[in-house]
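Structural overview
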Amino acid sequence: ASAPTHVRSHQRCGPATHHQKSRAPDKTDRAFVRPSRGRTIALFLPPRRTRRRPRRAARSPPCHRPPAPHSPPPDPPSPRGPVRGHGAARPPLPRLPPPPRALPLRRGVGGVRQEHEPGGPRGADLRMSQHQLRGRVAVLDGCSFRVSSLDLLAGSADARWWRADGADLAALSRGSPAAPDPLNRTFASESLVFRLLPGLSWPLVPVLAAFDPLTSSLFGFVRLAAPNATSDAKVAASATEEPTMFASCAQLSPRLRVRWTLREAANAIDVGLEAAVGSEYYIAFGWADPARSAANVSMIGADVAVAGFTEEGLPFADDYFVTKYSECLLRGDGGAEGVCPDKFYDRRNGSAAGDASVNNTRLVYGHRRDGVSFVRFSRPLASPDKRYDVAVNSTRDMTVIWAIGLLRQPDLLRPYYLPLNHGAPSGTAYGFLTLNVSAATNGCPGPLDADDKEDQGRITAERQTPLVVTTGPALHYPNPPNPEKVLYINKKEAPLLKVERGVPVTFSVEAGHDVPLYITSDPVGGNATARNASEVIYAGDPTAEGVPATPTELVWLPDRNTPDLVYYQSLYDPKMGWKIQVVDGGLSDMYNNSVLLDDQQVTFFWTLSGDSINIAARGEKKSGYIAIGFGGAMVNSYAYVGWVDGNGTGHVNSYWIDGKDGMSVHETHENLTYKRCRSENGVIIFEFTRPLTPSCSGRVECKNIIDPSTPLKVIWAMGSQWSSGRLSVKNMHSVTSNRPVRILLLSGLAEAVEDLRPVLAVHGFMMFVAWGLLLPGGIVAARYLKHVKGDLWFQAHTYLQYSGLSVMFMGVLFAVAELRGFSFKSTHAKIGAIAFTFTCMQPVNAYLRPHRAENEEILSRNRIIWEYLHTYTGRTALVAAVTALFTGLQHLGHRYGSKTIKGLTCGLVVWVVSAVLVVAYLEYLKVKRRRDGADGLTHKFVLGNTEEDDSVDLLQSGRFDSKMDSSSPGSMEVQLEPLKG
């Protein structure tokens, strides 16, 4: 009889192999007694030996005596040691004995081995992290375990089954090998038995993982329940968050598989779609109309599920119904036709979108691993929706359909993901298959191996274009496990960086003072020199750290001796960066200048050559086409579009855009030469040459002149699909630039056309209040209110001038603070400085005013000069200030591209014209009063009032109080004398 399971699970593994047979204990054996739940159990140990026999060559690993159960052996040392810091040395990976060959599981041969499977009799599924790991783990006894249906892409020679107390980076770094067998080959749906290393037992293996310590790569893992745990705890421990195992699988095409598990009791079927395609592709699978014969099979009337991934990397699966061989089109009556979601058809019938009776495809799980898309969903066998769902008969053959194609991303008109035409040929892009879901089958030999396994964003380093290095949360790190915080370059999480030999690479490090950047040959980083004697550091040290306020510049020059693959990492923390591909030559060698356009999604290259310009554009993400435009916005711009058609042929066309729909995009016939377009890993690159000045007339493209001495505004857009001829909404872009970039073609510099900053808007408003209201009001009061008795004109003039001067001064301070200093490069700044200078002269001028002699009716020469100076200084300041208002609006429109600048300029023109008309009317009244003798003025100067008191300084506020006191009514004595004669 076999030993109890709980005893055998605590047994430590000795040198026994699968070929050893059990023996009965003899009298020389020693007995060790351990109490267990009130019972005594005898465990027999081999007799002590005074001398070891010489070890003979054998196929099994060398014998190791297991230690006593009451003194468990220490954990094997970690190959990585501490995770952080420079000081802690990390011991190398321990040398393992020659591994025995993993034994294939043979059923029906010999006796039946008793099994203890974690999570119950069914076993526990491995949770996939990468390398397309799949399998089900079952514990056979205290020293061995079985992995059935094992799929795995080959790892390095150091990859092993690993034991750890968790699946995070720190726990795996503390772990050690659990079995000696290397995982350095591809496993194709194999069932194998593996033995634990000598001295290990299952309580020391809470987590069994497939792990490569050389690169700290976790392929997958399973959590093992404690042998004395309850059944509920076992089920909880074996439950997986990523269900990738199914009962059956069928190969639909070389790059597409369908997996399924039938659950008839629940009236459901779980379906998993697995395709070696890019993230921009959709996968469609479903059942054809059963009313059609096998000879007349069609996609019309088919009930399919369309699955894929959003731009954010989130999976989706929706229920679709096919009514026409076309993309989904919404009709004016609220209906839909083509390949559309069920809820689109249902809107026509008044039901709420997303009703469970309409959208019967329920997303379970999805991921992108190693360039392979996997989406699992569930659907009912017999759906309550009889209009758009096909009932699945689980007992007979039915025709299924499938397709792969590009996914159209949301846009302004249709904010949802929709499949585009899958194209041809049959058997590769679409197809049909007869399937019986109740017949268990495994037609999927081995894991899917994608040609392009890199899903990360791609960035190509360019000369004189710094790469901004920051940190952010780990959302889609390519090599799990990873820390919570990883490196970002140009706002992309751990991108694949491509550099060229001989081209300097500049990093602007803003990741924090605790994250210095360095370039290394080690794939893990984080002070790798302490544990990896062969590490080569190409650039960086502890000083290569900084923050956004004070970034540090790190320059690295790859040379001919730099390997094809290196890594950018943090010097202190492991696995924060990713790969750097080092190549020979590229666009940087063929063009003299390059800049990153807005949002750092498109790189623009150019070289001026006589009377022509060579232009290239490269996307920094996967797309169906790239468009660049010359102008401040897509409307009224000249655009150039590069795309690759379904046959792999590249195209470059020119267009004039005068609207926001497909009918407003007009193909032009510019003289484009040397046109080339290609796709590299889904990234579009196109090139062309055009003259600076078109040699034509009468056509719209003849006005598309490029002046190298004038800044060129460039914008961009990307989309899923483009075609020659008439365009439609399917060609609409999915992502576009937020603002144009002003490129100086001669100097090779560029700057973004920024949005109007709020502080500068406050500056402009204050200047308008000062020079459009207050200061002109003071001038008007001094010239046209002197006929009013008293000092009203003088008080209004003084208060308005001082108020306007204060507001103007605050406006200048706002502009200086926002722009971080004075700058007189623009015309607006120069004219504004003139207005500011003349305005500040007026209070000084008033303070130095020469006083009029008492009872002197004729003004002195100094007084006349002063009045002329004061008058015309104020008028000059007013003219300069109004000019500064117009040039300020022009500067904002040219620099920031604000769409409201034209309206503001028109409003300012109307205001100035209105002010001029009011002044003209007031001047007319003044002339009329002078002609009638009612003005009472002796002189025609602005301040030429002979009755004003010059005995008090104009700048003293007490003057007004004394004047009011002297003129206030009250009692006084008057002596009257009779007239003589």
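These figures come from a predicted structure and were not determined experimentally.

What counts, and at which threshold
Residues numbered from 1 in each chain as written. Predicted model: local features only at pLDDT ≥ 70, side-chain atom pairs only at ≥ 80, totals over all residues. Heavy atoms only, no water. Core = buried A, V, L, I, M, F, W, Y, C linked by side-chain atoms within 4.5 Å. Buried < 20%, exposed > 50% of the residue type's maximum accessible area, 1.4 Å probe, protein only. Helix = DSSP H or I, 4+ residues; strand = E, 2+ residues; numbered from the N terminus. Contact = heavy atoms within 4.5 Å. Pairing = 2+ DSSP bridges. Disulfide = S-S within 2.5 Å. Polar contact = N/O pair within 3.5 Å; in protein donor to acceptor, adjacent residues only side chain to side chain. pLDDT = per-residue confidence, 0-100. Phe/Tyr/Trp six-rings, centres within 6.5 Å; stacked < 30°, edge-to-face > 60°. Lys NZ or Arg CZ within 6 Å of the ring centre and 35° of its normal. Salt bridge = Lys/Arg side-chain N within 4 Å of Asp/Glu carboxyl O. Axes fitted to C-alpha atoms, helices over the stretch in contact; angles between N-to-C directions. Expected span 1.5 Å × (residues − 1). Bend = angle between axes of the 7 residues up to and from the residue.

This paragraph deals with the nonpolar core. In this structure, Leu-497, Phe-507, Trp-556, Tyr-568 and Ile-580 are the most contacted members of the largest nonpolar core, which totals 29 residues. Elements with a contribution of two residues or more to this core: strand S28 (467-473), strand S29 (485-489), strand S31 (496-500), strand S32 (505-509), strand S33 (517-520), strand S35 (552-556), strand S36 (565-570) and strand S37 (578-583). The residues touching Trp-556, leaving out its near neighbours within four places in the chain, are Val-499, Val-503, Pro-504, Val-505, Phe-507, Ile-519, Tyr-538, Ala-539, Thr-562, Val-566, Ile-580 and Val-582. Core analysis: the second largest hydrophobic core is formed by 28 residues, Val-258, Ile-269, Ala-275 and Trp-402 among them.

This part covers the pairing of strand S9 (residues 176-182). The element S9 is extensively covered by neighbouring structure, given that 6 of its 7 residues are classed as buried. In this sheet, S9 lies alongside strand S8 (residues 160-164) in antiparallel orientation, the contact comprising 3 bridges. By the bridge assignment, Trp-162 is partnered in S9 with Pro-177.

Another aspect to go through is the sheet that holds strand S12 (residues 217-223). Where strands meet in a sheet, backbone hydrogen bonds hold them as pairs that are either parallel or antiparallel. Here 5 strands make up an open sheet; going across it, the order is S5-S12-S11-S8-S9 and the pairing antiparallel. Only two strands of the sheet have a single neighbouring strand rather than two, namely strand S5 (127-128) and S9.

A few words on the state of the cysteines. In this structure the tally under the stated criterion is 3 disulfides. A sulfur-sulfur separation of 1.7 Å characterises the disulfide bridge that pairs Cys-249 with Cys-444. Here Cys-249 and Cys-444 share a disulfide; its torsion about the S-S bond, -85 degrees, makes the bridge left-handed. Residue Cys-249 is located in strand S13 (residues 248-253), and its partner Cys-444 is located in the loop between strand S26 (430-435) and strand S27 (458-460); the two are separated by 195 residues in the primary sequence.

With glycine set apart, most residues show a phi of negative sign, and most peptide bonds adopt trans. Backbone torsion omega between Pro-480 and Pro-481 reads -5 degrees, so that peptide bond is classified as cis. Residue Asp-370 is not a glycine yet carries a positive backbone phi of 55 degrees. Positionally, Asp-370 belongs in the loop between strand S22 (362-369) and strand S23 (372-380). Backbone geometry places Tyr-674, a non-glycine residue, at a positive phi of 50 degrees. Structurally, Tyr-674 can be placed in strand S45 (residues 673-680). On the basis of relative accessible area, Tyr-674 is assigned to the exposed category, the value being 62%.

Within the secondary structure, Arg-368 sits in strand S22. Here Val-277 takes part through its backbone oxygen, which lies 2.5 Å from a polar atom of the side chain of Arg-368. Among the polar contacts listed, one links the side chain of Arg-368 to the side chain of Asp-455, at a separation of 2.5 Å. Every residue in contact with Arg-368, bar those within four places of it in the chain, is listed here: Val-277, Gly-278, Ser-279, Phe-309, Ser-373 and Asp-455.

Next up on the list: the environment of Leu-925. Considering the arrangement of structural elements, one finds Leu-925 in helix H10 (residues 901-932). Residue Leu-925 is classed as partly exposed on the basis of its relative accessible area of 26%. Along the primary structure Leu-925 and Tyr-784 are separated by 141 residues, whereas in three dimensions their C-alpha atoms are 8.8 Å apart.

Summarising burial for strand S40 (residues 612-619): 7 of the 8 residues are buried, a large majority. Across 8 bridges, strand S39 (residues 602-609) lies against S40 in antiparallel orientation. Paired with Thr-603 across the two strands is Arg-618, which belongs to S40. What sits between S39 and S40 in their antiparallel hairpin is a turn of 2 residues, with Gly-610 showing a positive phi close to 65 degrees. Inspection of the sheet shows S40 paired to strand S46 (residues 683-691) by 7 bridges, in the antiparallel sense. Its bridge partner being in S46, Ala-617 is matched across the sheet by Phe-686.

Okay, the confidence of the model for the chain next. Averaged over all residues, the pLDDT of the chain is 79; the fraction at 70 or higher stands at 75%. Taken together, the stretch residues 16-117 has pLDDT below 50 and engages in 157 contacts with residues farther than four places along the chain or on a different chain. Counted against residues more than four places away or in other chains, residues 936-970, with its pLDDT under 50, gives 61 contacts.

Another aspect to go through is the packing of aromatic side chains. Under the definition given, this model contains 25 aromatic pairs. With 5.7 Å between their ring centres and 25 degrees between their planes, Phe-316 and Tyr-417 make a pair best called stacked. With Phe-316 in strand S18 (residues 315-322) and Tyr-417 in the loop between strand S24 (398-408) and strand S25 (418-419), the pair connects residues that are 101 residues apart, well separated along the chain. Comparing Phe-316 with Tyr-417 shows no difference in burial state: the two are buried. Measuring from ring centre to ring centre gives 6.0 Å for Tyr-868 and Tyr-872, while their planes differ by 5 degrees; the resulting arrangement is stacked. Linking Tyr-868 with Tyr-872, this pair stays in helix H9 (residues 861-896), spanning 4 residues, or about one helical turn. Through a chain of ring-to-ring contacts, three or more aromatic side chains come together here, namely Phe-145, Trp-161, Phe-194 and Trp-202. Its end group placed over the ring of Phe-374, Arg-134 keeps NZ or CZ at 5.3 Å from the ring centre. A cation over an aromatic ring shows up here: Lys-786 above the ring of Trp-793, its NZ or CZ 4.7 Å from the ring centre.

Looking now at the pattern of salt bridges. As enumerated under the stated definition, the model contains 28 salt bridges in all. Between Asp-598 and Arg-739 there is a salt bridge; the shortest N-O distance is 3.5 Å. With Asp-598 in the loop between strand S38 (593-596) and S39 and Arg-739 in the loop between strand S48 (735-736) and strand S49 (741-744), this pair connects stretches of sequence that are 141 residues apart. Given a relative accessible area of 7%, Asp-598 falls into the buried group. One salt-bridge network, held together by shared partners, links Lys-498, Arg-676, Arg-678, Glu-680 and Glu-687.

Taken together, 5 strands build an open sheet; the order of strands is S13-S14-S15-S23-S22 and the sheet is antiparallel. At either margin of the open sheet sits one strand with a lone partner, and together these are S13 and S22. For this sheet, the mean angle separating the axes of adjacent strands, direction not counted, is 15 degrees. Looking at chain direction, S22 and S23 are connected through 7 bridges and run antiparallel. Within the sheet, the bridge partner assigned to Leu-363 lies in S23 and is Phe-377.

Next up on the list: helix H6 (residues 758-784). An ideal rise of 1.5 Å per residue puts 39 Å on 27 residues; H6 measures up with 37 Å between its terminal C-alpha atoms. Of all the bends in H6, the greatest measures close to 30 degrees and is centred on Ala-770.

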